[in-house]
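Close look at the chain arrangement
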Amino acid sequence: MEDKWRYVLLTTIAPISWGTTYFVTQQFLPADNPLWGAAIRALPAGLLLLALRRRRPRGWWWLKSFVLGTLNMGAFLALVYVAAQLLPTSVAATIMATAPLVMMLLAWPLIGERPRWLSLLGAALGIVGVAAMLFSGTGSVNVMGVLASLAAMVMSSIGYVLTKRWGRGVDVISMASWQLIAGGLSLIPLAVIVEGAPPTLDTTQLLAFAYVSIIATALAYVAWFTGLKHLDAGTVGLIGLLNPITGVLLGLAAAGESFTPQQLVGVLLTLAGILLGQRAGRAPGPEITPVASPTVPPKLQTDGG
C-alpha cells in the first residue's frame, strides 16, 4: 500500500504540470502556431529523454512507438487544437474529464483490469465536479468541436491503455522518449502544410518552451507512464483530473479573483472523485516487473497534456 501511494504521488506530477501549461501558453507562447508549438514541445522533450537513456526501439517497437506517439501526442494535440478553436473551454474540458471512465472501460477487455464500483463512482463525481468548476452557462456548442474533443479523448485513452499493455519490460524513460519523438515528427508535416514556416521565438518564448518541454512534457510523461506501469488504468485516469483543477486555481490566482461557490463545489467534488478512486485499490491483473523511479531533472492549446 505504501508503494501504491508513492506511485500515486509521482503520477500527480503529470496532470499538475499539464494544468500549468494553460497559463504559460496564454501568457508567453505564440498564439498562431499551435501545431508548430506542439511539435516544438514534444520533439525536444523526446530527444532529451533519449539522451538520458540512450536506448532505441527494436523490432515491433518502431511501429508501436509510431502508433502510441500518434495516439498520445501527435493526433491528440492536433485534435485538441481543433476542439479549442471550436468549443468553449468548459465544454472541451468536461468532455476530456470523461477519460477516466473510458480508460476503465477499455482496460477491461484490453488488459483484463475490471473496473471497481468505487472507481466508477469516483469518475462520475469527477465529471460532475469538472463541469461545475468550468460551466458558466454561456457559449455555443459546435458539433465538429465536440467530435474533435471526443476523438482526442478516446484516442488518448486507447493510447494510454495500450502503453500499459505494451510497456511491460520497457523502462518508462525510453517509452516516453520514443513516443514523444514519434509524435513530434508526425506533427511537423501537418504544421508545415497548415502554418508554414516555424515561428521566430524571442527569449521569453524560448524560456517558456523550455519549461513546457522539460517539465510539462518530458518529466510529466515519465511520471504518467510510471503511474500506468504500476497502477491500474482507472486510478491513473482519475489522477488526471488534477489537470483542470490546477488550471482553474492558477487562472484565478493570476487574475486575482476569488472562488465562486460553484467553482468551490466543483473542486471539492473532483477531489472527492479522485480520492474515492484511490480507495478502490488495484484491480487484479498480471504482475508487472517494477522499474526504478525516473530521475529526470525538474498549450499549445491542449487539455490533458
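Quick note: structure is the one above.
Here's what I pulled together on the structure shown here. This structure is a prediction, so every number in the text was calculated from the model and none was measured. (Residues numbered from 1 in each chain as written. Predicted model: local features only at pLDDT ≥ 70, side-chain atom pairs only at ≥ 80, totals over all residues. Heavy atoms only, no water.)

Here we come to the packing of helix α4 (residues 61-86) against helix α9 (residues 172-195). With their axes 7 Å apart at the nearest point, α4 and α9 run at an angle of 60° to one another. Taken together, the axes of α4 and α9 lie oblique to each other. With respect to the hand of their crossing, α4 and α9 are arranged in right-handed fashion. Contacts between α4 and α9 pair W61, S65, F66, L68, G69, N72, M73, G74, L77 and A78 from the former with M175, W178, Q179, L180, A182, G183, S186, L187 and L190 from the latter. (Axes fitted to C-alpha atoms, helices over the stretch in contact; angles between N-to-C directions. Helix = DSSP H or I, 4+ residues; strand = E, 2+ residues; numbered from the N terminus. Parallel < 35°, antiparallel > 145°, perpendicular 65-115°, else oblique. Left-handed = near helix turned anticlockwise from the far one by under 90°. Contact = heavy atoms within 4.5 Å.)

Summed over the entire model, instances satisfying the criterion amount to six aromatic pairs. A ring pair is formed by W18 and Y221, whose centres lie 5.2 Å apart and whose planes are at 55°; its orientation type is tilted. Here the residue W18 occupies a position in helix α2 (residues 13-28), and Y221 occupies one in helix α10 (residues 203-230), the gap between them amounting to 203 residues. For W18, a relative accessible area of 3% translates into the label buried. Ring centres of W61 and W178 lie 5.4 Å apart, and the angle between their planes is 55°; on these two criteria the pair is classed as tilted. Residue W61 is found in helix α4, and its partner W178 is found in helix α9; the two are separated by 117 residues along the sequence. One exposure class covers both W61 and W178, and it is buried. Grouping aromatic residues by their ring pairs yields a cluster made of W18, Y160, Y221, W224 and F225. Sitting above the plane of the Y7 ring, R6 keeps its charged end 5.0 Å from the centroid. We note K64 situated over the ring of W61; from NZ or CZ to the ring centre the distance is 5.5 Å. (Phe/Tyr/Trp six-rings, centres within 6.5 Å; stacked < 30°, edge-to-face > 60°. Buried < 20%, exposed > 50% of the residue type's maximum accessible area, 1.4 Å probe, protein only. Lys NZ or Arg CZ within 6 Å of the ring centre and 35° of its normal.)

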